[in-house]
Every structure is written in structure tokens, then in C-alpha cells.
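Residues per chain, in single letters:
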Amino acid sequence: NINFGFDYNGNVNAFGLYYETREKKELLKTVYEGGVVGVFYLKLDYLTKEILFSKMSRVPDKLKNVFPGPNYSYVDKKDKRLGMNISNITLKPLRNGGLVVTAENKQNYDRNYYFGDIFVFKMDDNGNLKWSDSFKKKQLCLYNPIKNIGNCTKYFGTLSLVKNDRLYILYN
């Protein structure tokens, strides 16, 4: 999961989450388990294309326990997505050169949608993870095949903005 944006100087910011997976042999099949373990942040000079920094940071244990992990993430070899999707990765540059990032856990199962927790990451102007946190949010959109209704995805979601270096998160 990755997203791109620009800072106040026009430099390119790239931010994303990275996973670790393990192969596990079960009686009749091989499954993979794992989850999000860290973030990466890359800043590129827009004129020279020089990499200003490229950093990877492990997320704190308290946050690892919030991301869907081994309890939920069994998949077969054909599909290594780990049953989860981090979506709405939004980059908000700060005037001091830092970056605030929000992301949301979104899962899709047979036309049913689950919109889960929101994650926040604060990066300093050198690309280091200063802090991270999450807050609970659970929304479920169930599809009803008899009435062909359930397209509530347009009503659920998250919006974030930064004003005067303060982060505001809105969700319904």
C-alpha cells in the first residue's frame, strides 16, 4: 500500500506500509500469515530527481496489535493479500517539512464491505517516524441480493485535513 504527494517545496513524498509474511504448513494446504510491521517514507527532489531520504520504520507493538495480523490473515498461496486492505492513505505535508499520514482498514468480502480502524502516522522532516496511533471505527455495509441493495460504500469513509499543523479527521 502506497501513496504519493507533494510537500510545500514541490518535492515528491512517497509513503506506504510494509508487511511480513510467513509460510505455514497445515494438514492439507500451505497458508501465509502476517501483517503490517512498518512504514516507509521516501522524499525526492522534484528538480534533480535526487532521493533526499528513504526511511523504513517499524511500527510500535501497540499499533501492530491493531493491524489485522496472524489471527485474521490466513490465505492460500494463490492470493497473498492477507485478507485486508489499507485504503485512503492520505499524505498531509507540514510546513516544517514533516508529514502526517492517515490510513483506513477496508475489507471486502462477497460485496459486503467492512470499514475499520483509522491509523495516523507522524513523520519528522528527516523521514523518521515520530509517533503513530489508531482509533477504533467499525462500519459494516451488507449486501442484500434479494433487493439488490447495499451500495453504501459511497456513504462510508474518512476525510482528513491539516490546518495550522493540526490534524482533523472526519468520518461518518
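Nothing here was measured: the structure is a model prediction, and the numbers come from that model. (Residues numbered from 1 in each chain as written. Predicted model: local features only at pLDDT ≥ 70, side-chain atom pairs only at ≥ 80, totals over all residues. Heavy atoms only, no water.)

Novice: Could you give an account of the overall build of the protein chain, with specific residues and numbers?
Specialist: Helices and strands together make up the secondary structure of the protein chain, namely one helix and twelve strands. Helices and strands appear in the protein chain in the N-to-C order β-β-β-β-α-β-β-β-β-β-β-β-β. Here the protein chain holds 172 residues, and 41% of them are scored as buried. Summed over all atoms, the accessible surface of the protein chain reaches about 10500 Å², with 52% contributed by carbon and sulfur. (Helix = DSSP H or I, 4+ residues; strand = E, 2+ residues; numbered from the N terminus. Buried < 20%, exposed > 50% of the residue type's maximum accessible area, 1.4 Å probe, protein only. Areas by Shrake-Rupley, 256 points an atom, 1.4 Å probe, with all protein chains shown as cover.)

Novice: How would you sum up the pairing of strand β9 (residues 129–135)? Please name residues and give values.
Specialist: Across six bridges, strand β8 (residues 112–123) lies against β9 in antiparallel orientation. The residue bridging F121 from the neighbouring strand is S132, located in β9. In this structure, the hairpin formed by β8 and β9 is closed by a connection of five residues, where G127 is found at a positive phi of approximately 90°. (Pairing = 2+ DSSP bridges.)

Novice: Summarise the pattern of salt bridges; cite the residues concerned and give the values.
Specialist: In a structure, side chains of opposite charge can pair up when their charged atoms sit close to one another. Taken as a whole, this structure holds three salt bridges when the rule is applied. A salt bridge links K43 to D7; the shortest N-O distance between them is 2.9 Å. Note that K43 is positioned in strand β3 (residues 30–44) and D7 in the loop between β1 (2–6) and β2 (12–25), a separation of 36 residues in sequence. Note that K137 is salt-bridged to E104, the shortest N-O span being 2.6 Å. Of this pair, K137 sits in the loop between β9 and β10 (139–141) while E104 is found in strand β7 (residues 99–109), placing the two residues 33 residues apart along the sequence. Take K137: its relative accessible area is 3%, and that puts it in the buried class. (Salt bridge = Lys/Arg side-chain N within 4 Å of Asp/Glu carboxyl O.)

Novice: Kindly report on the environment of L142, identifying the contributing residues and their values.
Specialist: Of note, L142 is situated in the loop between β10 and β11 (158–163). Taking the C-alpha atoms as reference, L142 lies 6.7 Å from Y113; in sequence the two are 29 residues apart.

Novice: So, unusual backbone geometry: which residues are in play, and what are the values?
Specialist: We note that K49 has phi near 65°; this positive angle belongs to a residue other than glycine. Along the polypeptide, K49 turns up in the loop between β3 and β4 (51–58). We classify K49 as exposed; its relative accessible area is 54%.

Novice: An account of the nonpolar core is needed here, citing residue identities and associated values.
Specialist: In this structure, F15, V39, I89 and F121 are the most contacted members of the largest nonpolar core, which totals 18 residues. Elements that contribute at least two residues to this core include exactly β2, β3, β6 (86–93), β7 and β8. With residues near it in sequence (within four places) discarded, F15 still touches N1, I2, N3, V39, F40, Y41, I89, L91, L99, V101, F121 and M123. (Core = buried A, V, L, I, M, F, W, Y, C linked by side-chain atoms within 4.5 Å. Contact = heavy atoms within 4.5 Å.)

Novice: With reference to specific residues and values, describe a nonpolar patch on the surface.
Specialist: A cluster of nonpolar side chains, contributed by L159, L161, Y168 and L170, occupies part of the molecular surface with about 370 Å² of accessible area. Those elements that place two or more of their residues in the nonpolar patch are β11 and β12 (166–171). Examined against the element boundaries, L161 turns out to sit in strand β11. (Patch = residues over 30% accessible without salt bridge, like charges linked within 9 Å, V, L, I, M, F, W, Y side chains within 5 Å.)

Novice: Which residues make up the packing of aromatic side chains, and what values do they have?
Specialist: Tallied over the full model, the rule gives two aromatic pairs. Seen from their ring centres, F15 and F121 are 5.6 Å apart, and the 45° between their planes marks the pair as tilted. Separated by 106 residues along the polypeptide, F15 in strand β2 and F121 in strand β8 bring together distant segments of the chain. Under the relative-accessibility criterion, F15 is labelled buried at 1%. Since its relative accessible area comes to 0%, F121 is described here as buried. A centroid spacing of 5.0 Å and a plane angle of 75° characterise the contact between Y41 and F53, whose relative ring orientation is edge-to-face. Note that Y41 is positioned in strand β3 and F53 in strand β4, a separation of twelve residues in sequence. For the pair Y41 and F53, one class covers both residues: buried. (Phe/Tyr/Trp six-rings, centres within 6.5 Å; stacked < 30°, edge-to-face > 60°.)

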